[in-house]
Amino acid sequence: MWIRSQDTRLIIDADKLLAREVLGILGKYEIINIGENTNYRLGIYSSLKKAGKVMDRIHYKLNNPEETGTTVFQMPADENI
């Protein structure tokens, strides 16, 4: 699935997504795509619950492509979750 990062600087064919706490920053959570040599940050959120909601949106789009019609998923800003 093609995903555009929250900061709009990256569009990636993401296939291995992970929501985790940002290392060294208490109370911040990121969604990353795990690459072979590099992990790409796609978005950062103020809670694990918000990151989970974004993962739910991605999951929905993957399972319902005929409903969404979107070929690139835009990572939402934290305040829009």
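Everything below is about the structure printed above this text.
Now for a description of the structure that goes with this document. (Residues numbered from 1 in each chain as written. Predicted model: local features only at pLDDT ≥ 70, side-chain atom pairs only at ≥ 80, totals over all residues. Heavy atoms only, no water.)

Another aspect to go through is the pattern of salt bridges. Within the structure shown, the criterion is met by five salt bridges. A salt bridge links E30 to R20, with the nearest nitrogen and oxygen atoms 2.7 Å apart. One end of the pair, E30, is in strand 4 (residues 29-34); the other, R20, is in strand 3 (residues 17-21), with ten residues separating them in the sequence. Through salt bridges that share partners, R20, E30 and R41 make up one connected network. (Salt bridge = Lys/Arg side-chain N within 4 Å of Asp/Glu carboxyl O. Helix = DSSP H or I, 4+ residues; strand = E, 2+ residues; numbered from the N terminus.)

The next thing to look at is the sheet that holds strand 1 (residues 2-4). Pairing between the strands of a sheet comes from backbone hydrogen bonds, and it takes one of two forms, parallel or antiparallel. Spatially, the three strands line up as an open sheet ordered 2-1-6, and their pairing is mixed. Looking at which strands have only one partner, the edges of the open sheet turn out to be strand 2 (11-13) and strand 6 (72-74). On average, each strand axis in the sheet is tilted by 25° relative to the strand beside it, whichever way the strands run. As judged from the three bridges shared by strand 1 and strand 2, these two strands associate in the antiparallel manner. (Pairing = 2+ DSSP bridges. Axes fitted to C-alpha atoms, helices over the stretch in contact; angles between N-to-C directions.)

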